[in-house]
Amino acid sequence: MANQIGEFFKNYPTTEEAVEGIANHLRKFWSPSMRQRIIGYVEKTEGEKLAPLVRLAVEKLKSSS
């Protein structure tokens, strides 16, 4: 699901805007437990199955929590 969100935002003008858009979407529409699970996934696997923009957005979430 996170990669589908990333697909939507990947066409934003800059990487920073795309990452911020993904992070904001995850903050607004994902429950805290879902956000913690994806953060844990990235910590354990370095987000191996996530698109690069999504990994950056999860890192942004992690640093703001």
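Presented here is an overview of the structure given in this document. (Residues numbered from 1 in each chain as written. Predicted model: local features only at pLDDT ≥ 70, side-chain atom pairs only at ≥ 80, totals over all residues. Heavy atoms only, no water.)

**What about the overall build of the protein chain?**
For the protein chain, the helix and strand inventory stands at 4 helices and 0 strands. Taken from N to C terminus, the helices and strands of the protein chain fall in the order α-α-α-α. Whereas a compact globule of 65 residues would reach a radius of gyration of roughly 11 Å, the protein chain reaches 11 Å, a difference of no more than 12%. Taken along its principal axes, the extent of the C-alpha atoms in the protein chain is 30 × 25 × 20 Å. Of all 65 residues assigned to the protein chain, the portion counted as buried reaches 35%. For the protein chain, the accessible surface area stands at approximately 4,300 Å², while carbon and sulfur atoms represent 54% of it. The distance from the centre of the 10 positive side-chain charges to the centre of the 8 negative ones in the protein chain is 7 Å. (Helix = DSSP H or I, 4+ residues; strand = E, 2+ residues; numbered from the N terminus. Rg over C-alpha atoms; globule rule 2.2 N^0.38 Å. Buried < 20%, exposed > 50% of the residue type's maximum accessible area, 1.4 Å probe, protein only. Areas by Shrake-Rupley, 256 points an atom, 1.4 Å probe, with all protein chains shown as cover. Lys, Arg positive; Asp, Glu negative; His and termini not counted. Charge placed at Lys NZ, Arg CZ, Asp CG, Glu CD.)

**Regarding the pattern of salt bridges**
Inspection of the entire model under this criterion finds 4 salt bridges. Between Lys10 and Glu7 there is a salt bridge whose closest N-O contact spans 3.1 Å. (Salt bridge = Lys/Arg side-chain N within 4 Å of Asp/Glu carboxyl O.)

**Side note on the nonpolar core**
Formed by 18 residues in total, the largest nonpolar core has its most connected members in Ile22, Leu26, Leu50 and Val58. For this core, the secondary-structure elements that each account for two or more residues are α1 (2–9), α2 (15–29), α3 (32–45) and α4 (52–64). With residues up to four places along the chain from it excluded, the contact list for Leu26 reads Ile5, Arg35, Val58 and Leu61. (Core = buried A, V, L, I, M, F, W, Y, C linked by side-chain atoms within 4.5 Å. Contact = heavy atoms within 4.5 Å.)

**Section: the side chain of Arg35**
Relative to the assigned elements, Arg35 resides in helix α3. At 12 Å, Glu20 is the nearest oppositely charged side chain to Arg35, a buried residue that forms no salt bridge. Excluding residues within four positions of it along the chain, Arg35 makes contact with Leu26, Arg27, Trp30 and Leu61.

**A few points about α1**
When α1 is considered as a whole, its buried residues turn out to be Ala2, Ile5, Gly6 and Phe9. Buried residues in α1, looked at end-on, bunch into an arc of 100°, giving them a common side. Facing away from the buried side of α1 by over 90 degrees, the exposed positions are Gln4 and Phe8. Looking at the buried residues of α1, the elements they touch are α2, α3 and α4. (Arc of directions from axis to C-beta.)

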